[in-house]
Amino acid sequence: MNEHDDDKVGRRSLMAGVGIAVAAGLVAGATTAQAQTGRRRGAARFEPARHKLDAWFDELPGHHRVFIDSATAEGGAFTLGYAFNLRNASATAYANEPSDLAIVICFRHASTPFGYGDALWAKYGQYFNEMMKYPDPATGAAPKINLMNSTAHKNLGNRGETIDAQIAKGTRFAICNTATQGIAGMIAGRTGGKANEIHDELVAGAIKNSHFVPAGVLGLTRAQEYGYSVLIAG
């Protein structure tokens, strides 16, 4: 073998050595990456804190959980139509019973007064309407009843589905307490009453199957932590 041949053999040996080193590096890198991924996968999974104030979210029976949120008067009306559609489609397509769905409807911000019963609407309807801008379509005046619980009003966003009809199917209602405090303060300012007393009156006169949450937005986020899908009605 001449000198030229020796050089070629040396270069081949060198390249083979480099190849082995690169392959070893790739294997080591892959092993490290797998180890790091394993550590990430093995890390503690995030679990939100649980509070007694939110425990009611777990009280609803059902295999499917839905939280229907609303912040406007129109949105408040749509929540009832959405709940009806959810239950109707689930029954038709999946043969679900009403108890198979855990549905919470949230009235917050401008939809909050829909969480109050007829007696409160008869007394404070004009003030509710000032903030909601949702008059009785038959008269154009401030409603004297909760339109979302009226079988006589079928051409609204709820399409005739009432609060009582949903209650009969197990739907629960979350009502914003922050908005309720604001409404009580507004009424107190107009009537010379005491805000705390009016607030207590509003809470006591709420619709059935309802639960006051500290704030509607807080109820929405807590519901997600309890496994509820969120549907925005407006």
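Residue positions are given per chain, counting from 1 as you read along its sequence in written order. Per-residue local features of the predicted model are confined to residues with pLDDT of at least 70, and side-chain atom pairs are confined, for both listing and counting, to 80 or more; whole-chain, interface and lining totals are unaffected and use all residues. Side-chain measures were taken over the full set of non-hydrogen atoms in the model, leaving aside hydrogen atoms and water.

Q: What exactly am I supposed to notice about the pattern of salt bridges here?
A: Note that side chains of opposite charge can pair when their charged atoms are close. For this document, the term salt bridge refers to a Lys or Arg side-chain nitrogen within 4 Å of an Asp or Glu carboxyl oxygen. Across all of its chains, the model carries 7 salt bridges by this definition. Ionic pairing is found between Arg 222 and Asp 54, a salt bridge with its closest N-O pair at 2.9 Å. Within this pair, whereas Arg 222 is found in helix 7 (residues 216-225), its partner Asp 54 is found in the loop between helix 1 (3-42) and strand 1 (64-70), the two being separated by 168 residues in sequence. Whether a residue is buried, partly exposed or exposed follows from its accessible area with a 1.4 Å probe, protein chains only, as a fraction of its type maximum: under 20%, in between, or over 50%, in that order. Residue Asp 54 is classed as buried on the basis of its relative accessible area of 8%. Arg 108 is paired through a salt bridge with Asp 69; the nearest N and O atoms lie 2.8 Å apart. With Arg 108 in the loop between strand 2 (101-107) and helix 3 (118-132) and Asp 69 in strand 1, this pair connects stretches of sequence that are 39 residues apart. Runs of E in the DSSP output that reach at least two residues are strands. Runs of H or I that reach at least four are helices, and both are numbered from the N terminus.

Q: Got a minute to help me understand the sheet that holds strand 1 in this structure?
A: Through backbone hydrogen bonds, the strands of a sheet pair up, either in parallel or in antiparallel fashion. Ordered by their spatial adjacency, 5 strands build an open sheet running 4-3-2-1-5, and the pairing between neighbours is parallel. The two strands at the open ends of the sheet, each matched to only one other strand, are strand 4 (210-213) and strand 5 (229-232). The sheet shows a mean angle of 25° between the axes of neighbouring strands, taken without regard to direction. Between any two strands, pairing holds if DSSP finds at least two bridges. The sheet contact formed by strand 2 and strand 3 (residues 172-176) spans 4 bridges and is parallel. Bridge pairing in strand 3 places Ile 105 opposite Phe 173. Of the strands in this sheet, strand 1, strand 2, strand 3 and strand 5 are in contact with helix 2 (residues 73-94), which crosses strand 2 at around 175°. With axes taken as lines fitted to C-alpha atoms, and helix axes fitted only over the stretch in contact, angles between N-to-C directions fall between 0 and 180 degrees. The contact criterion used throughout is that any non-hydrogen atoms of two residues lie within 4.5 Å.

Q: Sorry, what's going on with the packing of aromatic side chains here?
A: The geometry of two aromatic rings is summed up by the distance between their centres and the angle between their planes. The aromatic pairing rule takes the rings of Phe, Tyr and Trp, using the six-membered ring of Trp, and pairs them if the centres are within 6.5 Å, calling planes under 30 degrees apart stacked, those over 60 edge-to-face and the rest tilted. Under the definition given, this model contains 12 aromatic pairs. When the centroid spacing of 6.0 Å and the interplanar angle of 65° are considered together, the rings of Phe 107 and Phe 114 count as edge-to-face. For the pair formed by Phe 107 and Phe 114, the shared burial category is buried. Ring pairs connect the aromatic residues Phe 107, Phe 114, Tyr 116, Trp 121, Tyr 124, Tyr 127, Phe 128, Tyr 134 and Phe 173, which therefore count as one cluster. Throughout this description, the term charge over a ring refers to an Arg CZ or Lys NZ atom that lies within 6 Å of the ring centre and within 35 degrees of the ring normal. Positioned above the aromatic ring of Tyr 226, the side-chain terminus of Arg 50 is 3.9 Å from the ring centre.

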